[in-house]
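# Coordinate analysis (summary)
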Amino acid sequence: MSLQSYLVISIILFSLGIFCVLTRRNAISILMGIELILNSCNLNFAAFSRYVTPPDDISGQIIALFGIVLAAAEAAVFLAIILAIYREFSTISPDETDTLKG
Amino acid sequence: MLSLMIFIPLLGMLVVLFAIRREQEELAKRVTFIITLIPLLIAVFLFVDYDRSAPGHQYEEDMMWIEAFNIRYHVGIDGLSVTLVLLTALLGPICVLASWKIDKGIKAYLALFLLLETGMIGFFCALDMFLFYVFFELTLLPMYFLIGIWGGPRREYAAIKFFLYTLFGSVLMLIAMIAVYLKSGTDDVARTFDIPTLIELAKTPGHALADPTFQIWAFLGFFIGFAVKVPIFPFHTWLPDAHVEAPTAISVILAGILLKMGTYGLVRVNFAMLPEGMDFFCNGEGRWGNSLAILGFINIVYGSLCALAQTDFKKLVAYSSIGHMGFVLIGLAARNESGLTGAILQMFNHGVISAMLFLLVGVVYDRAHHREINGFGGLGSKMPIYTGITTLAFMASLGLPGLSGFVGEALSLLGAYSKFKVLTILSTAGIVVGAAYFLWTLQRVFLGELNPKYEAITEINGREIATLVPLGILTIVLGIWPSIAIDMFREAVSLLPLVQ
Amino acid sequence: MPVVPLISIILVAPLAAFAFFGLLSLTGRNYARQDLVSTAAMLVAFVCAVLLFTNVVADPDKYSHDGAEIHSLTWLPLGSVNFSMGFLFDSVTSVMLLVVTIVSSLVHIFSIGYMHGDPRYPRFFAFLSLFSFSMLFLVVSDNLLGIYIGWELVGVCSYLLIGFWFEQDAPANACKKAFMTTRVGDVGMFIGMMMLFTKFRTLSLYGTDGIFALASNLTTADMTWLSIAGVLIFCGAVGKSAQIPLHTWLPDAMEGPTPVSALIHAATMVAAGVYLTARMFPILTADSSLFIAYVGAITALVAATIAIVRFDIKRVLAYSTISQLGYMMLAIGAGSYVAGLFHLTTHAFFKALLFLGSGSVIHAFHAAHHAHDHDHEHDHAHGDDHAHGDNHAASFDSFGIDPAQDMRHMGGLRHKMPITFVTMLIATLSIAGVPYIFSGFWSKDAVLVEVLYRAISWNSVHHYILFSMAALAAVITAFYMFRLIFMTFTGEPRNQEMHDGAHESPWKMAIPLIILAVLSFPIVNKWSFEKYVKQPAQPHVHAPKHATYDASQDVLHAQLGLSDAHAAEDAHSEDAHHDAAAGHHNPDHDKAHNIVVPLSFVIVIVGIGLSALFYYWRKISADAVAARLRPIYTLLWNKYYFDELYDGVLVALTVAGSKVLGLFDLRFIDGIVNGVGVVVQAGCARVSGWFDNTFVDGLVNLVARITWSIGGRVRRVQTGMIQNYLLAVVGGVVLLILIFRALF
C-alpha cells in the first residue's frame, strides 16, 4: 500500500460526497454527502500523517479523530435543525424552504 | 527684501495656526504683533534707503513663475508703491493692537489677518499683471471671512455683498487683463504680463496695445474693477455696509488700504498703461471727456451729503471716505503734476486719517456698545483726551491746513481747476459739507450737556492711545512738511504720462 | 535786528506753549500754571515784535513798501511748479505783529483774572497760545497758501475757544456756526486761489515771478477775470471779517469767554480779513474795489443799525465790530490801503478795550449773581423779573441773554467800577470819533476823507453814496456806543441785588484796561503811520467808467491815484513824510479834508446828543419811539432775518437734501444693487435648478438606474439554493485547476 492508493480512495469518496450534495433533494441525503466529504478528508489526514510526516508525529491522526467527533456533533445539530424545519415546513427539501431568498 | 516683506506674514500665519495652541490667546496676539512689526521695520528701512532721485522701480526681484504663459514673479517698488507699502506695514501692528479685545476664535482671526497683510503688501509690490491679480484676489478671501465671522449683526449680508461686488469688478478686470495679454504679442512675439513692459508697449506707436479703441475698452474693464474697490459712485454701496459690520481693525484696513488698492490700480494700470483710454475719458472734450472728473465730483458732493445724513457714526465715516476718494479721482483726472501729486498724497493721507477715524469710532463703540450719533452727547467733559484726538482727526479729515488732509485735497483741486473749472468749483462744495458733517458730529457726540447714561464712561486707555498716536503724528508731520512724502514719488509722477 | 530768527521766535514761543500743553494732556495731566507758560511765551513774542519794529523805525524807506523783505524756501517742490513758504517782513507785518502781540499779551494777563477758577483753566491758555501762533503765522506769511493755512488755523482756534464752555448748547451751536460760515467764505477764497494759481503757476505774492508782478502785466482783456479772482479772494475776508452776508456768526461767537471775544473777535482774527484784502491791494481792479467798498459800507451801516436795539452788552460790541470792519473794507475798496490799516490798528486797541471792559462788568455781575444765588436760592425768578424797567417792548423778551450780560440789569456802575468806567468811556469816545483827542477820530476821519476824496476827484456817484453811508454809520455808532455807556454806567441801578454784589475787578484785569486806554489816545497817530506804511500801486484801478469826468481830469486822477506809489518810488531822495504830505496837498484831497473834519464834529454831537436825550436825560422814551416805528424795530430786532434765512432756508435745505440723498442712496442705489442681487439670485437659481435637475441629477439618477437594472439581473444568480452555489464553487475550482494546468 502506498500513499497514492489512500489518496485515490479519498478522492473517490470526496467526489461521491460532492455528487451527493449537489444532486440530492433530501436534506438527510445531503448530510450523508457531507459526511462522505468529511471522511475523505479524515482519510487524507491519516494517510499524510502516516507517510509524509516523521513517524513520531501523529498530529494528522489526531486531527482525523477530532474530525470524526466533529462530524458526529455536526450530524446531531443538523438533524435537530432538520426536525425543526420539518415541523415548520412539513418538508425537508432545501429547495422549498426558501423564505430567506432575496 | 520685498519677498521677505510679502511672505513673512504668510509664514507668520502658519506659525500662528500650527505652533500655537488654541488656549494660548495672549501668546497668539503677541506673536502676531511681533510678526507684523517685521514688515514695518523693512518698510521703514525701505523708506530711508529708497533712492528718491531715481525714477523707476527699485529692489526689483524677477523670476519665471509659470513658463507656459510667460507669467513671472516680478516685484519691485517705485515711489508710488513705497508710500502705500509703508502705510500697509504701519497699519498692520496698529490693527493687531486694535484687535486685542476680540475674544472669538482669535487664532483664526489673526491668521486671516496675516494672510490679508501678505495680499496687500504683495499687491502694492507686484509688477506682473498676473501676480497683481492674484494678490488682488488674495485679499478678498480673508476679508470675506473677517467680516463674515467677526462682524456685527448683519455681517453675512455685508460680507457677501462685499465679496460679490468685488468679484464682479475683478471679473471685468480679468477679462481686460487677458485682452491686454493677448494683444501684447502675437504667436511669434512672446506675450507678456509684465507691467513695465506693457507700459512701454502701450506707448509704442503702431503697436496693437497702443490702439485707442482697444485702450478705451480695456480702460473700462480695469476701471470698473478698480471703481468697485475705490469705491466710485454708483459702485459704492458695499462700503457703508461692510464698514458698519466689520470689526474695528478690519474697518481700518478696509478704509486705509483696500480702498487705496483701487486708486493705486487706477494710477498704475489705467493711467500709466492706458494713456489713450485715459485721454478719452479725461481730455475735457466730447461726450465722454469729462466723465472721470464728473465721477470725482459726484463722489465728493454725493459722498459728503450722504455723510451729512447719517446718524450711525461708522456709516458717516464710511461715506466721508467716499467723498475723500472723490478728490483722488478728480486730481487723477487732471493728469498734471499738482493734480496727480495731490491724488497720491490724498491716498496716503486718507489712509492715515480714516484709519484714525475708524479706530476712534471703535473706542467709543467698545464703551457704549452703539454708534448712534444722536445717542451720545457731552462726552467732551468725561473723555478730554479722546475728544482732543477726535477733534484732531476730524480737523485733518475736513481738510484743515497744517494737517495732512489739506495738502492732498488742495493740490488735487488746484490741479483739477486748470482742466475742469466748473466741476472743480462745484466740488469745493464738498469742503463745506465736509466741515458741516464733522462739526455737527463733534457737537452731537462731544459737546452739550453730558448724557446721563455715560456718567461712568471711561477715558481712552493706553493701548488705544498707542494705536492712535503714530497716526496722529503722521497727520501733523505730513501737514507741516508734506515734502517728506512727496519726495518719495516725485520722480514716479514725472514718469507718468502727464498732460500739462 | 535779524528778521528771520526774531520771527521764528515769535512763532515758536506760543506754539511751544501749546505743544507743552498738548503733549502733557496725552498723559492725562495738565500743568496748573499753563497760564504763566502761555503768558510768558506771548511776552517773549511781544519783545521780539518790538525789536523787529526797530528795524522799521531805523529804515522806514525800505520797510514802508509792501513785501520789503522776504525769506522763503521751497515747501512743496512738485517739479515744474513749486510752492514756497516764507516770512514776509515789511512795515505792515511789523505793525500787525505789534498789534497782535500787544493785544494778545494783555488778554492773557486779563484772562488770568477773568478765567480764574474755571475747570479747564490750563486748556484756555493753551488755546490762546495756539491762536496767537496761528494769527502770527498768518501775518508773516509771504504767500497766499501760507496765509490760507494761518487763516484756517485761526478759524479752528476761534471754533475751539467759542465752544470753550461746550456743556451749554449756545456755545456749542455758536462755534459750529462760526466755523461753517467762515468756511463758506474760505471756499470762495480757495477758488480765487485756484484761479490765480492756474493763471500764474504760483501762489507767492512778491518777487519778480510773484502774483503781483505778473498781474501788473495783465491787459484790459483780463480785467473781468482779475476782478472775479479779487472778489473771490475777498470772499474769504467777508467770512472772516464778518461782512454782510456772512456776518451772522460773529454776534453768536460772543458765547465764548469775553477775553476771547476781545482778542479773536474784535482785535485780531476778524481783522485778518482786512489784512488779507489789504495784502491783495495790488491786484484789485476798479470793479472789485468798488464791490469791496460797497460790501464794507453796507456792512458798516447795517450792523450799526442792528446794534441800536441790542441789550446784550457783548452783542452790541459784536455788531459794532462788524460795523467798524466794514469801515476798513470800505477804505481799502475806496483805494486807501493806509487808511484801512490805520483804522485796523486803532480799532484793535479800543475795541479790545471795550470787550475787556465789558468782560470786567460781566465778571463783576457773575460774581454778584453767584453770591446772590447762594444767599437767596428762592429769589432767582424774582431777580430776573423786576429788571425790565427799561424794556423797550415787552414782546421782545430777553430770552437767550445771559443776565450778567443784559444791559437792562445794569446801570449806575460808574461808582462801583471806576476804572472800568473810565477806560471804557475813553474807548467809546475813541470809537465815536471825538475829534483830535482820540485815535478813533483820526482813523475814521482818514477813511471818510479818502472816500470823499475819490468821490470828488473821480466825480463818482458811487463814492458819494459810499461816503454818505459811512457818515450815517458814524452817527449811529456814536449813538449806540453811548447808549451802551449810559445804560451800563449811569443812571440808577436796575437790578439792585446784582448791583450790590458787583465790585471793581482785580488788578490783573484792570492793568490791561489801563494800558489799552492809553493806546486809545493817538499814540498811534496818522503821521507816523503814514510815514511807515506806504500804499502799493494799483495798476488796474482807474476811475469807474460811468463817472462823469473829462479827459483832462482823467490824466490828473490817474496820477493822483498812483501818487502814493510814485511817492514811494521816489522815497530814496525825499523824506517819506513829505511825500505823504505831497500826496495830500492836491486840491481835491484838501477839499475832502475840509468837509470831513467839520462833519466829524456834527456826527459826534448828533450821535452823542441823541443818545443822551434817550438814555441819559431820558427826555425821549425809547419805548415810545420803538412802538411808533414798530416794523423797523422788529426788523432790526430780528437782525434783518439773516439767521432765519440761513437756518430756515439754507441749512434746512442742505440737511433735508442730504437726508433725501441718504435715503436715495439707501433705497435707490443700494436698492438697485440688492435688486440685481435678488434677480441674479433668482435667475441663477432657476437656471442652475434646471441644470441641476437635468444634468447633475440626471447623471446621478442614471448611475442609480444602471445599478438598479444590473442588480435586478444579477440578483437572479442569488437563487437561495445552496446546491447552486456549491455547484458554482465546484465549477470555479475545476476552472481554476484547468487554468493553472494550462498556465504552468
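Treat the numbers as computed from the prediction; the structure is a model and nothing was measured.

## Re the overall build of chain C
The helix and strand tally for chain C stands at 31 helices and two strands. Each of the 744 residues in chain C was classed as buried or not, and the buried ones make up 59%. Considering only residue pairs separated by 6 or more positions, chain C has 81% of its internal contacts joining residues 24 or more positions apart. Accessible surface, chain C: about 28700 Å² in total, of which carbon and sulfur atoms supply 69%.

## What about the overall build of chain B?
Across its full length, chain B carries 21 helices and two strands. Relative to its length of 500 residues, chain B is compact, with a C-alpha radius of gyration of 22 Å against a globular reference of 23 Å. Taking the principal axes of its C-alpha atoms as reference, chain B extends roughly 75 × 60 × 40 Å. For chain B, with 500 residues in total, the buried portion stands at 67%. Look at the contacts in chain B between residues 6 or more apart in sequence, and 79% of them connect residues 24 or more apart. As displayed, chain B has an accessible area near 15700 Å², and 67% of this comes from carbon and sulfur atoms. The averaged location of the 36 negative side-chain charges in chain B is 8 Å from the averaged location of its 31 positive side-chain charges.

## Things to note about the nonpolar core
Met129(B), Phe132(B), Phe222(B), Leu379(B), Phe83(C) and Leu144(C) are the most contacted members of the largest nonpolar core, which has 446 residues in total. In terms of residues, this core owes the most to one element, helix H20 (residues 461-489) of chain C, which gives 19 residues. Setting aside residues up to four positions removed in sequence, Phe83(C) forms contacts with Leu411(B), Leu414(B), Thr74(C), Trp75(C), Leu76(C), Leu78(C), Leu145(C), Phe197(C) and Leu203(C).

## A few points about the interface of chain A and chain C
Taken together, the contact between chain A and chain C spans seven residues of the former and seven residues of the latter. Across the interface of chain A and chain C, roughly 710 Å² is buried in total on both sides, 66% from carbon and sulfur atoms. Summed over the shared surface of chain A and chain C, the result is zero residue pairs in polar contact (both at pLDDT 80 or more). Sorting elements by how many residues they give to the side of chain A that touches chain C places helix H1 (residues 3-23) of chain A first, with three residues. In terms of residue class, the side of chain A that touches chain C is built from four nonpolar, no polar and three charged.

## Considering the packing of aromatic side chains
The final tally for this structure, using the stated rule, is 61 aromatic pairs over all chains. An aromatic cluster is present here, built from Phe123(B), Phe124(B), Phe132(B), Phe136(B), Phe222(B), Phe226(B) and Tyr264(B) joined pairwise through their rings. One Lys or Arg, Arg120(C), reaches over the ring of Phe164(C) and ends 5.6 Å from the middle of that ring.

## Some details on the pattern of salt bridges
Inspection of every chain in the model, using the stated rule, returns 24 salt bridges over all chains. With a closest N to O distance of 3.2 Å, Arg371(B) and Asp312(B) form a salt bridge. Of this pair, Arg371(B) sits in the loop between helix H14 (337-368) and helix H15 (379-382) while Asp312(B) sits in the loop between helix H12 (291-309) and helix H13 (313-334), and the two are 59 residues apart along the sequence. Residue class for Arg371(B) comes out buried when judged on its relative accessible area of 15%. Residue classification places Asp312(B) among the buried residues on the basis of a relative accessible area of 17%. One continuous salt-bridge network, built from bridges that share partners, spans Arg154(B), Lys161(B), Asp241(B) and Asp670(C).

## Side note on the interface of chain C and chain B
On the chain B side, the residues contacting the 57 residues of chain C number 64 residues. Here chain C and chain B share an interface that buries about 4900 Å² over both sides, 71% of which is from carbon and sulfur atoms. Per-residue buried area on chain C facing chain B is highest for Trp75(C), Leu78(C) and Arg183(C); these three make up 13% of the total on that side. For the interface between chain C and chain B, the tally reads one salt bridge. Lys161(B) is paired through a salt bridge with Asp670(C); the nearest N and O atoms lie 2.5 Å apart. For the pair chain C and chain B, the number of links is 18 residue pairs in polar contact (both at pLDDT 80 or more). Looking at the side of chain C that touches chain B, the element that brings in the most residues is helix H7 (residues 169-200) of chain C, giving 17 residues.

## Some points on unusual backbone geometry
Note that the residue after Phe233(B), namely Pro234(B), is joined by a cis bond; omega there is 0°. Its location among the elements puts Pro234(B) in the loop between helix H8 (212-229) and helix H9 (238-245). Between Ile244(C) and Pro245(C) the backbone carries a cis peptide bond, its omega angle lying at 10°. Of note, Pro245(C) is situated in the loop between helix H9 (223-240) and helix H10 (249-252). In this structure, Asn70(B) is a non-glycine residue whose phi angle is positive, near 55°. Relative accessible area serves as the criterion here: at 18%, Asn70(B) is assigned to the buried category.

## Quick word on the arrangement of the chains
The pair of protein chains exhibiting the most contacts, out of two pairs of chains in contact, is chains B and C. For chain A and chain B, which are not in contact, the least C-alpha distance works out to 52 Å.

## Points about the side chain of Gln405(C)
With respect to the helices, strands and loops of the structure, Gln405(C) is situated in the loop between helix H16 (380-385) and helix H17 (413-416). A relative accessible area of 11% places Gln405(C) in the buried class.

## Regarding the environment of Ile160(B)
All names here are of chain B. Counting through the fold element by element, Ile160 comes out in helix H6 (residues 155-183). In this structure Ile160 comes out as partly exposed when scored by relative accessible area, which is 39%. Expressed as a C-alpha distance, the spacing of Ile160 and Pro212, which sit 52 residues apart in the sequence, is 36 Å.

## Digging into the pairing of strand S2 (residues 71-77) of chain B
All names here are of chain B. Burial within S2 is extensive, with six of its seven residues counted as buried. Of the pairings in the sheet, the one linking strand S1 (residues 58-66) to S2 comprises six bridges and is antiparallel in character. From the neighbouring strand, Met63 faces S2, where its bridge partner is Tyr73.

## Quick notes on the pairing of strand S2 (residues 82-89) of chain C
Residues and elements named next belong to chain C. Within S2, seven of the eight residues are buried, which leaves the element mostly enclosed by the surrounding structure. Inspection of the sheet shows strand S1 (residues 69-77) paired to S2 by eight bridges, in the antiparallel sense. Following the sheet pairing, Thr74 is matched in S2 by Ser84.

## Focus: the confidence of the model for chain C
Residues and elements named next belong to chain C. Considering every residue of chain C, the mean pLDDT works out to 82; 89% of them sit at 70 or more. Of the regions scoring below 50 in pLDDT, residues 372-398 engages in 46 contacts with residues more than four places distant in sequence or in other chains. Considering only residues more than four positions removed or in separate chains, one finds that residues 544-584, a stretch of pLDDT under 50, has 44 contacts.

## Quick notes on the packing of H12(B) against helix H30 (residues 642-714) of chain C
Where H12(B) contacts H30(C), the axes come no closer than 7 Å and their chain directions differ by 100°. Between H12(B) and H30(C), the angle falls in the class roughly perpendicular. For the pair formed by H12(B) and H30(C), the contact residues are Tyr302(B), Leu305(B), Cys306(B), Leu308(B) and Ala309(B) on the first element and Thr654(C), Val655(C), Ser658(C), Lys659(C), Leu661(C), Gly662(C), Phe664(C), Asp665(C) and Ile669(C) on the second. Residues of the contact of H12(B) with H30(C), tallied by class, amount to nine nonpolar, three polar and two charged.

## Focus: H14(B)
All names here are of chain B. Taking 1.5 Å of rise per residue, 32 residues should cover 46 Å, and H14 covers 45 Å from first to last C-alpha, within 8% of that figure. The buried fraction of H14 is high, at 30 of 32 residues. Positive backbone phi, approximately 60°, marks His369, located one or two places after H14.

## Remarks on the environment of Arg52(B)
Residues and elements named next belong to chain B. Within the fold, Arg52 resides in the loop between helix H2 (25-49) and S1. When near neighbours in sequence (up to four residues on either side) are disregarded, Arg52 contacts Phe47, Asp487, Met488 and Glu491. Polar contacts involving the side chain of Arg52 include one to the main-chain carbonyl oxygen of Phe47, which spans 2.9 Å.

About the thresholds
Residues numbered from 1 in each chain as written. Chains lettered and ligands numbered in written order. Predicted model: local features only at pLDDT ≥ 70, side-chain atom pairs only at ≥ 80, totals over all residues. Heavy atoms only, no water. Helix = DSSP H or I, 4+ residues; strand = E, 2+ residues; numbered from the N terminus. Buried < 20%, exposed > 50% of the residue type's maximum accessible area, 1.4 Å probe, protein only. Contact = heavy atoms within 4.5 Å. Areas by Shrake-Rupley, 256 points an atom, 1.4 Å probe, with all protein chains shown as cover. Rg over C-alpha atoms; globule rule 2.2 N^0.38 Å. Lys, Arg positive; Asp, Glu negative; His and termini not counted. Charge placed at Lys NZ, Arg CZ, Asp CG, Glu CD. Core = buried A, V, L, I, M, F, W, Y, C linked by side-chain atoms within 4.5 Å. Buried area = accessible area lost by both parts, 1.4 Å probe. Polar contact = N/O pair within 3.5 Å; in protein donor to acceptor, adjacent residues only side chain to side chain. Nonpolar A, V, L, I, M, F, W, Y, C, P; charged D, E, K, R; others polar. Phe/Tyr/Trp six-rings, centres within 6.5 Å; stacked < 30°, edge-to-face > 60°. Lys NZ or Arg CZ within 6 Å of the ring centre and 35° of its normal. Salt bridge = Lys/Arg side-chain N within 4 Å of Asp/Glu carboxyl O. Pairing = 2+ DSSP bridges. pLDDT = per-residue confidence, 0-100. Axes fitted to C-alpha atoms, helices over the stretch in contact; angles between N-to-C directions. Parallel < 35°, antiparallel > 145°, perpendicular 65-115°, else oblique. Expected span 1.5 Å × (residues − 1).

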